Amino acid sequence: MIKSMTGFGLSESFNKTSNISIEIRSVNHRFLELSIQSGNLDNEVEDFIKRAISKSIVRGKIEVKIKSNLSSKTKYIINKELFKNLEKTLKEVLKNKVELKFSDIKDVQGIFNTEKSHNINKKLLKDNFKIALKLFIDSRKKEGNKIENILLKKIKSIEIITRNIKSSEKKTLNNKINVYKNKIRMLIDNFDTSRLDQEVALLALKHDVSEELDRIFFHTKTIKEELLKKISSGKKIDFVLQELFRESNTLSVKLDDSKLKNLALDMKLLIEEMREQTQNVE
């Protein structure tokens, strides 16, 4: 089974004290790259998210967006030491008793401060993340299944082309050998039969594509086996496709028959299309 590197997952939760929305999306990337966007996420929850993603995902540029509207508490703080110093200084300057009101100190820097704390429901946040992550992974699997079906269809087409070339090229090669021998006999009255057989053998070797065809079947078999694994590797499939393209390229060069050469070119096109699809495989 293969998984796409493109995916999306969204989970939202609403209650009396907080609203949470977690969105996970990803695009193609050579490695795993994670970005978490949140205004008030503590380290413990962030580490939980990173561990969960790295455990489930191998490749892809992943973006996690967390939006929350949490209940908050406001705490008012007066710096008593600074307040006493201010009161003492004013008494020394004004030479009389000083009675300070709140309106006198509220704008003095450092004396009066407010702190807001958000009540983060970590369990609710983690539960929502788990839901979003599951939907995200499911979407990658669903997209991967589409890619897998496309790859299998193209592999089937490549194997059909390879069989057609294999059956036709054998007849074509035998015809070439017979034509070559007849031409030599017509041109030369006294010729060396062993020398002729040697030249014909070299000709046959030059145009023999049986090894290329066998290797093409081997590579398509390897890809199908990789697709059937519980966890497939996009990097490995892409590597095998590179090897498959090299064989098809050699094949197109060796073939002389125009029909067979066109079949080899069709094969190269199919392989290129497969490589495009594989760029999105995890």
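Residues numbered from 1 in each chain as written. Predicted model: local features only at pLDDT ≥ 70, side-chain atom pairs only at ≥ 80, totals over all residues. Heavy atoms only, no water.

Caption draft 1: Spotlight on the pattern of salt bridges. Taken as a whole and assessed by the stated rule, the structure comprises 22 salt bridges. Its salt-bridge partner being Lys134, residue Asp138 comes within 3.0 Å of it at the nearest N-O pair. Here the residue Asp138 and the residue Lys134 both occupy positions in helix α4 (residues 122–187), the gap between them amounting to four residues, near one helical turn. A relative accessible area of 53% means that Lys134 is categorised as exposed. Note that Glu247 is salt-bridged to Arg215, the shortest N-O span being 2.8 Å. One end of the pair, Glu247, is in helix α7 (residues 234–254); the other, Arg215, is in helix α6 (residues 210–228), with 32 residues separating them in the sequence. Of the residues examined, Glu247 reaches a relative accessible area of 11% and is grouped as buried. Overall, Arg215 belongs to the partly exposed group, its relative accessible area being 32%. Overlapping salt bridges bring together Glu211, Glu212, Arg215, Glu247 and Lys254 as one network. (Salt bridge = Lys/Arg side-chain N within 4 Å of Asp/Glu carboxyl O. Helix = DSSP H or I, 4+ residues; strand = E, 2+ residues; numbered from the N terminus. Buried < 20%, exposed > 50% of the residue type's maximum accessible area, 1.4 Å probe, protein only.)

Caption draft 2: Just the layout of surface pockets, in detail. The calculated volume of the largest pocket comes to roughly 260 Å³. If you trace the largest pocket, you find 14 residues lining it, with Lys3, Val58, Ile231, Ser232 and Glu282 closest to the centre. In the lining of the largest pocket, the residues fall into four nonpolar, four polar and six charged. Counted as a void, the second largest pocket has a volume near 180 Å³. Along the walls of the second largest pocket sit Met5, Asn28, His29, Arg30, Arg59, Gly234, Lys235, Asp238, Thr278 and Gln279, which together make up its complete lining. The biggest single contributor to the lining of the second largest pocket is α7, with three residues. Along the lines of polarity and charge, the residues of the lining of the second largest pocket split into one nonpolar, five polar and four charged. (1 Å grid on protein atoms, 1.4 Å probe; cavity = no way out; pocket = protein on both sides within 12 Å on 5 of 7 lines; lining within 4 Å. Points joined across faces, edges and corners; volume = space filled by probe spheres on them. Nonpolar A, V, L, I, M, F, W, Y, C, P; charged D, E, K, R; others polar.)

Caption draft 3: Region of interest: the nonpolar core. Within the largest apolar cluster, 25 residues are counted, with the highest numbers of intra-cluster contacts made by Ile158, Ile165, Ile223, Leu251 and Met267. Listing elements by their share of this core, those giving two or more residues are α4, α6, α7 and α8 (258–278). When near neighbours in sequence (up to four residues on either side) are disregarded, Leu251 contacts Ile165, Val209, Glu212, Leu213, Ile216, Ala264 and Met267. If you look at the next biggest cluster of nonpolar residues, it comprises 20 residues, including Phe48, Leu124, Ala132 and Leu133. (Core = buried A, V, L, I, M, F, W, Y, C linked by side-chain atoms within 4.5 Å. Contact = heavy atoms within 4.5 Å.)

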